[in-house]
Amino acid sequence: MQHRARPRLLGPLLAVAIASALTGCSLFDRDKPSSSVEQTTGTAGGGSQLEIPTTVAAGQVSLLQRLGEDGPMRTLSVERNGAWQCVDCAGDGVTSRGTLAPELTERLQVLLANPALADETDQARRYRTTCIDALTSSLITSTGLITSQDCPGEELTPVAGEILLLLTQATPAEVKG
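Residues numbered from 1 in each chain as written. Predicted model: local features only at pLDDT ≥ 70, side-chain atom pairs only at ≥ 80, totals over all residues. Heavy atoms only, no water.

Novice: Quick question: what am I supposed to make of the state of the cysteines here?
Specialist: Here is the idea: a disulfide is a covalent bond, and it sits between the sulfur atoms of two cysteines. Evaluation of the coordinates by the stated rule reveals two disulfides. A sulfur-sulfur distance of 1.5 Å marks the disulfide that ties Cys-86 to Cys-89. As the torsion about the S-S bond is roughly 105°, the Cys-86-Cys-89 disulfide counts as right-handed. Residue Cys-86 is classed as buried on the basis of its relative accessible area of 0%. Each sulfur in the disulfide pair Cys-131 and Cys-151 lies 2.1 Å from the other. The S-S bond linking Cys-131 to Cys-151 shows a torsion near 85°; that makes this disulfide right-handed. Here Cys-131, found in the loop between α3 (122–125) and β7 (135–141), pairs with Cys-151, found in the loop between β8 (144–150) and α4 (158–170); they are 20 residues apart in sequence, far enough to count as distant. Cysteine pairing for the chain (bonded cysteines numbered in sequence order): 1-2, 3-4. (Disulfide = S-S within 2.5 Å. Buried < 20%, exposed > 50% of the residue type's maximum accessible area, 1.4 Å probe, protein only. Helix = DSSP H or I, 4+ residues; strand = E, 2+ residues; numbered from the N terminus.)

Pasting the structure below:
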């Protein structure tokens, strides 16, 4: 009899990986030396191996968002220098690029370097998604994955919540259903 390990983050991570694979979107430009991505390998139900990004280099952040199970996946990647790229930001299939204002780039770097961020990771909080058809936001940072849902009773993590707010206000990241 085989014993199967059941990772705590399997559900949200598989959803992100499968959605990315199905849409053909690359979360990171792997030709760039500054886009260092650490990955783990997980096993899907059918036994196939999936590479799931769990962290990015210090000073970088990626935001993955999806409204419900069937909504489009929006991916936003921000480099240390504030340059960002957003795939399907407005749900229209368009890729947008830009640069954060210098004061926002500085604020983002302060937030990403905050030691409290490590206590907000899904692993540290033993986070599980609970809402159906909610907006699910996952931040991929150098400390790990931080997931939140926009649903009643969900408490926002202080540092990750500020990062999420900064990213959604400073870029065209807006869900249109």
